Amino acid sequence: ARFGALVTEAHVAIERFDQAQAERRAAEERRANLRAAKHELCDRVEALRGEDTLEALDQARGEWEGLVNRADATEPATVDVSDADLHARFADACRRATERHANRQAMTQTRERLGVLSQEAERIASTDPLEDEAWKQVSAEWTSLVDKAENLDPSIPQRFVDAQSKLEQHAAERRAAEERAVRQQ
């Protein structure tokens, strides 16, 4: 009877050990799946570009919180260095995506402003008499913005250059007329 009790006790211990091992493997698999999901989410945020960046970023943040909450609910005591590294990577990816979006908006505004300035330059170039002060303001703003613009429609700088050439031609004609007038006196 005593031997039978020891055998039963050994079987129970083996079953508990096997169950503990299975639970440990399941927990490790859950952690691995969560890490993989976090890596994938970081990759997605790092790749965000375009007009819908902020909406996609909000969605990704919501998914991230869901992953963090899921991890905390299943295993609150198991936060390791890789989790902290992933959290830092995600936060950095979010910050850079926000910066890219802001830069994209600023670039769009710069391109739009240069378009308006080129039209204003064209208008000024066709006025008589020349609006000198208006031209100086338009020219100064153009100069300050043009090097900041990427993917600018080629017609915009061409319009400005054409207006500038027209103004230079008018200035040369005025100087020539003034010189003729001085010679005739």
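Please read all numbers here as calculations on a predicted model, not as lab measurements. (Residues numbered from 1 in each chain as written. Predicted model: local features only at pLDDT ≥ 70, side-chain atom pairs only at ≥ 80, totals over all residues. Heavy atoms only, no water.)

A. Here's a closer look at helix α5 (residues 155-184). Between its first and last C-alpha atoms α5 spans 43 Å; for 30 residues at 1.5 Å apiece the expected length is 44 Å, and the two agree. Buried within α5 we find Ile156, Arg159, Phe160, Ala163, Leu167 and Ala171. (Helix = DSSP H or I, 4+ residues; strand = E, 2+ residues; numbered from the N terminus. Expected span 1.5 Å × (residues − 1). Buried < 20%, exposed > 50% of the residue type's maximum accessible area, 1.4 Å probe, protein only.)

B. Geometry of unusual backbone geometry. Phi at asparagine 151 is positive, roughly 55°, even though this residue is not glycine. Mapped onto the secondary structure, asparagine 151 falls in the loop between α4 (132-146) and α5. In this structure asparagine 151 comes out as exposed when scored by relative accessible area, which is 71%.

C. Structural context of the nonpolar core. Of all hydrophobic cores here, the largest spans 17 residues; its most connected members are Leu114, Leu117, Ala121, Trp135, Val138, Trp142 and Phe160. Residue contributions to this core peak at 6 residues, all from helix α3 (residues 81-125). Listed in part, the 14 residues of the second largest apolar core include Leu41, Cys42, Leu48 and Leu67. (Core = buried A, V, L, I, M, F, W, Y, C linked by side-chain atoms within 4.5 Å.)

D. Region of interest: the packing of α4 against α5. Where α4 contacts α5, the axes come no closer than 13 Å and their chain directions differ by 140°. Both α4 and α5 take part in a crossing whose hand is left-handed. Of the residues in α5, those touching α4 at Trp135, Val138, Ser139 and Trp142 are Ile156, Pro157, Phe160, Gln164 and Leu167. Its residues assigned to classes, the contact of α4 with α5 shows 7 nonpolar, 2 polar and no charged. (Axes fitted to C-alpha atoms, helices over the stretch in contact; angles between N-to-C directions. Left-handed = near helix turned anticlockwise from the far one by under 90°. Contact = heavy atoms within 4.5 Å. Nonpolar A, V, L, I, M, F, W, Y, C, P; charged D, E, K, R; others polar.)

E. Representation of the confidence of the model for the chain. Per-residue pLDDT for the chain averages 90, and the proportion of residues at 70 or more is 94%. Least confident of the elements in the chain is helix α2 (residues 53-74), whose mean pLDDT is 86; most confident is α4, at 95. (pLDDT = per-residue confidence, 0-100.)

F. Representation of the packing of aromatic side chains within the structure. Throughout the structure, instances matching the rule amount to 3 aromatic pairs. Taking the centre distance of 5.4 Å and the plane angle of 20° together, the rings of tryptophan 135 and phenylalanine 160 count as stacked. Here tryptophan 135, found in helix α4, pairs with phenylalanine 160, found in helix α5; they are 25 residues apart in sequence, far enough to count as distant. Both residues of the pair, tryptophan 135 and phenylalanine 160, belong to the buried class. Across the ring face of tryptophan 64, the terminal group of lysine 38 is positioned such that the distance to the ring centre comes to 5.5 Å. (Phe/Tyr/Trp six-rings, centres within 6.5 Å; stacked < 30°, edge-to-face > 60°. Lys NZ or Arg CZ within 6 Å of the ring centre and 35° of its normal.)

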